[in-house]
Amino acid sequence: MPLPSILDVFRISIGPSSSHTLGALRSGLLFREKVSKYNLDNCRITIELCGSFALTGKGHLTDKAVVCGLNGMDVERDGERFLEIYENIVKKGYVDIYGYKIPFNPEEDIVWNKNLDNLTHPNTVRYRLTKDGNVIDEEEYRSVGGGMLDREKVKIKTESTEETFKDLCNIMDFCKKNEIDFAEFVDYLMEKRYSINRNRLDYKLLKRWTIMKRRIDGGLRKEGILPGILKLQRRAPKMFKEYLENLRSFRMLSEEVTLTSIYAIAVAEENASGALVVTAPTCGSSGVLPAVLCSIQERYHLQDEKILDALKVAGLIGMVVIKNGSIAGAEVGCQGEIGVACSMAAASVCYLMGGSIEQIEFAAEIGLEHHLGLTCDPVAGLVQIPCIERNGTAAVSALNASNLALLSRAEHQVSFDKAVETMMEIGKDMSAKYKETSLGGLAKTIKPAFHT
Ligand code: SF4
């Protein structure tokens, strides 16, 4: 497939998971459109959540997301009220599809099918529309990461005939030949392929950057327990307070590094609470990039315009991974989520620090290489342990990766493109236990009394 849009990397989403929450919701929206051509009197819809959707769907709010999608929820407008909207649907006992009231009871209309066999993708949902017991229509959707559905990948493929930019190496050659940097390349690509000019793109990215910063602020202030059976206490506000009170006594790490880590945890806790976030490239890893950009912006007093360019550089890394690899934990484990987030963040910091194209590529490569093999094993199917802390550690790694690249002449043996290729190979070999099923790893070691 050709390079996707940068807006496929940075989607405005509801937490906690881009594939299991946003992608699930978007599948509901699609089925809603599909069945809108029928007279829906006396109809019923069965939702079958399959594979990883069934195994970790409860903790990822997948069931609630599909139902809100069927009901036509607009993520950008109503994302903050997501759970309230769902509760309302359950209370009223029906899903509203363009005025038709389709009876809905979660116990009867949602089927949890945990079997991973015979699925073409682990994140699968099947909808069945019936009338008087007869099937009128049915459809299967697969959520392939970052909120994207498989049919959208195919759509990009068939819509574009251009195959010029096959990987980052290729893009670097193009940039050097045309004397442009990575941010300018994204401007060029978005205008040429998606007819979005720079002003319009900046407007859209500023909206996303505003949400990212709002999540840091919110996460630093909100106290209490996160949703789910782990009863996990939010830690960011307390850590931030400790940080401010003990500013001078930190011996181990610099203030910026400490603060960056706290920022990342703040966003990740907001995500875990189901707040509106921006995928970067996913919800589970949505704390890494805002944290590093915010701390660098504060330290060097950078204008938002500069940050928007850094977002473009980070976005480009995500675009290349979506094209040649995967950002779905259910496909390649956490290396595709936190690993890619670290890579994107490292590239963006390197760009802000004046790194060359080669150094930026190197920073991105370091960020990904040292997360290769990272498993996805969320405890109790919640995007909390290890996800929240992992955002904090990856944000620090991103700063370090950028630093290492800036200290070098960018001579390195493993290219970013090779790291992506390797990630895919490891992902294929990785046991399903470690790919967002909560059947192995930490999820097995720490066992709360749970499952669907
Ligand atoms: S372990 Fe990583 S990939 Fe899995 S849900 Fe958490 S953040 Fe996402």
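As the structure is a prediction and not an experimental result, all values here were calculated from the model.

Focus on the pattern of salt bridges
Phase 1 of the analysis: For the structure on display, the rule yields 35 salt bridges.
Phase 2 of the analysis: Linking Arg198 and Asp309 is a salt bridge whose minimum nitrogen-to-oxygen distance equals 3.5 Å. On the criterion of sequence distance, the pair formed by Arg198 in helix H12 (residues 198-221) and Asp309 in helix H16 (residues 304-324) is long-range, its members being 111 residues apart.
Phase 3 of the analysis: Arg198 gets classed as partly exposed once you look at its relative accessible area, which sits at 39%.
Phase 4 of the analysis: Residue class for Asp309 comes out buried when judged on its relative accessible area of 13%.
Phase 5 of the analysis: Salt bridges linked by common partners bring Glu48, Arg126, Arg128, Glu138, Glu140, Arg142 and Asp150 together as one network.

A look at the packing of aromatic side chains
Phase 1 of the analysis: Throughout the structure, instances matching the rule amount to eight aromatic pairs.
Phase 2 of the analysis: For the pair Phe185 and Tyr188, a centre-to-centre distance of 6.3 Å together with 40° between the ring planes defines the contact as tilted. Highlighted residues: Phe185 and Tyr188, both in helix H11 (residues 182-194), separated by three residues, approximately one helical turn.
Phase 3 of the analysis: Ring plane angle 10° and centroid distance 6.3 Å describe the contact between Phe240 and Tyr243, whose orientation is recorded as stacked. With Phe240 and Tyr243 both in helix H13 (residues 236-245) and three residues apart, the pair spans about one turn of that helix.
Phase 4 of the analysis: Three or more aromatic residues link up through ring pairs in this structure, and these residues are Phe165, Phe174, Phe185 and Tyr188.
Phase 5 of the analysis: Stacked on the ring of Tyr98, the Lys or Arg Arg32 has its end atom at 4.2 Å from the ring centre.

Overview of the domain arrangement of the protein
Phase 1 of the analysis: Splitting the protein by domain gives domain 1 (15-149) and domain 2 (151-445).
Phase 2 of the analysis: Just the C-alpha atoms count here: the centres of domain 1 and domain 2 sit 28 Å apart.
Phase 3 of the analysis: Every contact between the two is made by 30 residues of domain 1 and, on the other side, 35 residues of domain 2.
Phase 4 of the analysis: In total, about 2400 Å² of surface goes out of reach between domain 1 and domain 2, with carbon and sulfur atoms giving 56% of it.
Phase 5 of the analysis: Between Glu76 and Lys207 there is a salt bridge, with its nearest N and O atoms 2.8 Å apart.
Phase 6 of the analysis: Applying the counting rule to domain 1 against domain 2 returns ten residue pairs in polar contact (both at pLDDT 80 or more).
Phase 7 of the analysis: Secondary structure elements with two or more residues in the side of domain 1 that touches domain 2: helix H2 (18-35), helix H3 (52-55), helix H4 (57-60), helix H6 (75-78), strand E7 (134-145) and strand E8 (148-149).
Phase 8 of the analysis: Here the residues of the side of domain 1 that touches domain 2 sort into ten nonpolar, 15 polar and five charged.

Cut-offs used in this document
Counting restarts for each chain, with residues numbered from 1 along the sequence as it is written. Only residues with pLDDT of 70 or above have their local features reported here, since the model is predicted, and side-chain atom pairs are shown and tallied only from 80 upward, although totals for entire chains, interfaces and linings are computed over all residues. As a rule here, side-chain values cover all heavy atoms of the structure and leave hydrogens and water aside. Within this document, salt bridges are pairs made up of a side-chain nitrogen of Lys or Arg and a carboxyl oxygen of Asp or Glu, the two lying within 4 Å of each other. Only DSSP runs of H or I covering at least 4 residues are called helices, and only runs of E covering at least 2 are called strands; the numbering of each starts at the N terminus. Note on exposure labels: buried denotes an accessible area under 20% of the residue type's maximum, exposed denotes more than 50%, and partly exposed covers the range between, all computed with a 1.4 Å probe on protein chains only. Under the pairing criterion, centres of Phe, Tyr and Trp rings, with the six-membered ring standing for Trp, must be within 6.5 Å; the plane angle then separates stacked pairs below 30 degrees from edge-to-face pairs above 60, leaving the rest tilted. Here, a charge over a ring is recorded when the distance from Lys NZ or Arg CZ to the ring centre is within 6 Å and its angle to the ring normal is within 35 degrees. Marked domain ranges trace back to an automatic or database domain assignment. Residue contacts follow a heavy-atom distance rule, with two residues in contact if any of their heavy atoms lie within 4.5 Å. Note: buried area is the sum, over both parts, of the accessible area (probe 1.4 Å) each one loses when the two are combined. Each polar contact in these results corresponds to two N or O atoms within 3.5 Å; when the atoms are within protein, one needs to be able to donate a hydrogen and the other to accept it, and residues that are neighboring in sequence are counted only if both atoms are side-chain atoms. Note on residue categories: nonpolar means Ala, Val, Leu, Ile, Met, Phe, Trp, Tyr, Cys or Pro, charged means Asp, Glu, Lys or Arg, and polar means any other residue, Gly included.

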